[in-house]
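# A structural walkthrough
The chain contents come next:
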Amino acid sequence: MPETAALPLCAARPPTVGLWAQIREDLGCVFERDPAARSTLEVLTTYPGLHAILMHRLSHRLWKRQFRFLARLLSFLARTLTNVDIHPGARIGRRFFIDHGACVVIGETAEVGDDVTLYHGVTLGGTSWSKGKRHPTLGDGVVVGAGAKILGPIEVGDRVRVGANSVVVKNVPSDRTVVGVPGRIVPTRAGSPRPANGISLDHHLLPDPVARSITCLLERIELLEGELKAIKRGQPLADTPDAKGERCGVCTAGELCCDHDARDTQSASIRSNPLSALPHG
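Here's what I pulled together on the structure shown here. Each chain has its residues counted from 1, following the order in which its sequence is written. Per-residue local features are limited, in this predicted model, to residues with pLDDT of at least 70; the limit for side-chain atom pairs, both in listing and counting, is 80 or more; totals at the level of whole chains, interfaces and linings are taken over all residues. Heavy atoms from the whole structure form the basis of all side-chain values; hydrogens and water molecules are not counted.

### Details of the packing of aromatic side chains
Short version of the rule: What counts as a ring pair is set by centres within 6.5 Å for rings of Phe, Tyr and Trp (its six-membered ring), and what kind of pair is set by the plane angle: stacked under 30 degrees, edge-to-face over 60, tilted for all other angles. When the NZ atom of lysine or the CZ atom of arginine is within 6 Å of a ring's centre and also within 35 degrees of its normal, the charge is said to sit over that ring.
Evaluation of the coordinates by the stated rule reveals zero aromatic pairs. The lysine or arginine in question, arginine 68, covers the ring of tryptophan 63, its NZ or CZ lying 4.1 Å from the ring centre.

Next comes the structure, spelled out in structure tokens:
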């Protein structure tokens, strides 16, 4: 099944549920996404990520009822106990899971969809001091790897995977994979299977955009050196693009070496005047 296939994340459920139903769902999703979970008692007593989301459910309801100080106080207590800082104003969907529950920060205007998984060290932060929308919005089924930062009032689509330690500052369409600093959308392995609930945790299958960029740059250097030798020998350059040039036009190096239009313009100029490519002086 293609990686970008839009799969249902779970069975159809009522659009709104009560507080206790949400808590039961939060507890149940731990067993679905953490193979280390053994018993309900163990999860309820030893999982700080679950403690943080349960306390946030309560503080968010206080926040909506204008008990702002009590909401912030409960949020502060949750942060002290769990090392997870979730502002009571943040809107978090159903079946939310924080794995390991350490050093996670979620800002006031952040919005998180259903079936979202965050690993330790994730920040959903802002990039502005304005009082309006300044934190990201995550769609359903998003998985954010350890240490990743998603910053600003951007939108991350459904079923997006964010690689560990990535920094995402731009909108991401649904069914994409983002890695790197700054975050870059990268191609994923076509045909890779997804689990039944649509949540893919295969972080080891994420591509390496830095390695791809370096490979592309090396290929471009080899190509340009060959063209320079041909110019010095007075040999004509081929008019048809070579395989490396075509591959470089779509590689993940992006603006580092694959400005396709600029390359075509420069190549045409060199072909019309080969001496222009030689150093002057």
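### What about the pattern of salt bridges?
Worth spelling out the cut-off: Any Lys or Arg side-chain nitrogen found within 4 Å of a carboxyl oxygen on Asp or Glu counts as a salt bridge. Only runs of H or I of at least four residues qualify as helices and only runs of E of at least two qualify as strands under DSSP, and these elements are numbered from the N terminus. Exposure categories follow from relative accessible area, calculated using a 1.4 Å probe and restricted to protein chains: below 20% of the type maximum is buried, above 50% is exposed, and the middle band is partly exposed.
Going through the model one piece at a time under the given rule, you end up with eleven salt bridges. Aspartate 115 is the salt-bridge partner of arginine 33, the closest N and O atoms lying 3.6 Å from each other. Of this pair, arginine 33 sits in helix α1 (residues 19–33) while aspartate 115 sits in the loop between β5 (111–112) and β6 (117–118), and the two are 82 residues apart along the sequence. When the shortest N-O distance is used, the salt bridge between glutamate 111 and lysine 133 registers 3.3 Å. Here glutamate 111 is found in strand β5, whereas its partner lysine 133 is found in the loop between β7 (123–125) and β8 (137–138), with 22 residues between them in sequence. Looking at lysine 133, the relative accessible area reads 35%, which means it is partly exposed. Where salt bridges share partners, they join Glu25, Arg33, Arg94, Arg95 and Asp115 into one cluster.

### Side note on the packing of α1 against helix α3 (residues 48–64)
How we decide: To get an axis, fit a line to the C-alpha atoms, keeping to the stretch in contact for a helix; angles then go from 0 to 180 degrees between the N-to-C directions. Each angle receives one of four descriptions, namely roughly parallel if under 35 degrees, roughly antiparallel if over 145, roughly perpendicular if within 65 to 115, and oblique otherwise. Left-handed describes a crossing whose near helix is turned anticlockwise from the far helix by less than a right angle; the clockwise case is right-handed. Here, residues are in contact when the closest pair of their heavy atoms is within 4.5 Å. As a working rule, the residues Ala, Val, Leu, Ile, Met, Phe, Trp, Tyr, Cys and Pro are called nonpolar, Asp, Glu, Lys and Arg charged, and the rest polar, with Gly in that last group.
The N-to-C vectors of α1 and α3 enclose an angle of 160°; their axes lie 10 Å apart at closest approach. Our classification of the angle between α1 and α3 gives roughly antiparallel. Handedness of the α1/α3 crossing: right-handed. Of α3, the residues touching α1 (which contributes Leu19, Gln22, Ile23, Asp26 and Leu27) are Leu50, Ile53, Leu54, Arg57, Leu58 and Arg61. Class assignment for the residues of the contact of α1 with α3 results in seven nonpolar, one polar and three charged.

### Considering the nonpolar core
Counted only if it meets this: Here, the term nonpolar core denotes a set of buried Ala, Val, Leu, Ile, Met, Phe, Trp, Tyr and Cys residues that are joined through side-chain atoms within 4.5 Å.
With 39 residues, the main nonpolar core has Phe96, Ile106, Leu118, Leu138, Val144 and Ile150 as its most contacted residues. Every element with two or more residues in this core is listed here: α1, α3, β1 (84–86), β3 (97–98) and β4 (104–106). Other than its neighbours up to four places away in sequence, leucine 118 contacts Phe96, Phe97, Ile98, Asp99, Val104, Ile106, Leu138 and Val144.

### Structural notes on α3
In plain terms, the rule: Helix span, expected: 1.5 Å multiplied by one less than the number of residues in the helix.
For α3, spanning 17 residues, the distance from its first C-alpha to its last is 24 Å, which sits close to the expected 24 Å at 1.5 Å a residue. For α3, the complete set of buried residues consists of Gly49, Leu50, Ala52, Ile53, Leu54, Met55, His56, Arg57, Ser59, His60 and Trp63. Where α3 is buried, its residues touch α1, α2 (40–46), α4 (68–82), β1, β2 (91–92) and β3. Phi turns positive one or two residues past the end of α3, at glutamine 66, with a value near 70°.

### Comments concerning the sheet that holds strand β14 (residues 177–179)
Put simply, the rule is: One bridge is not enough; two strands pair if DSSP finds at least two bridges between them.
An order of β3-β6-β9-β12-β14-β15 is seen for the six strands of this open sheet, with the pairing classed as mixed. Bordering the open sheet on either side are β3 and β15 (184–186), each of which pairs with just one other strand. Taken together, the two bridges between β3 and β6 define a ladder with parallel strand orientation. Bridging from a neighbouring strand, isoleucine 98 pairs with leucine 118 of β6.

### Considering α4
Three- or four-residue spacings in an α-helix give side chains the same orientation, since the helix completes a turn every 3.6 residues. For clarity, the cut-off: Directions from the helix axis toward the C-beta atoms define the arc.
Helix length check: α4 (15 residues) gives 21 Å between terminal C-alpha atoms against 21 Å at 1.5 Å per residue, within 8%. All of the buried residues in α4 are Ala71, Leu74, Ser75, Ala78 and Thr82. Down the axis of α4, the buried side of the element spans an arc of 100°, and every buried residue falls inside it. Turned more than 90 degrees away from the buried face of α4, the exposed residues are Phe69, Phe76 and Thr80.

Interpretation in functional terms is not warranted from these geometric data alone.
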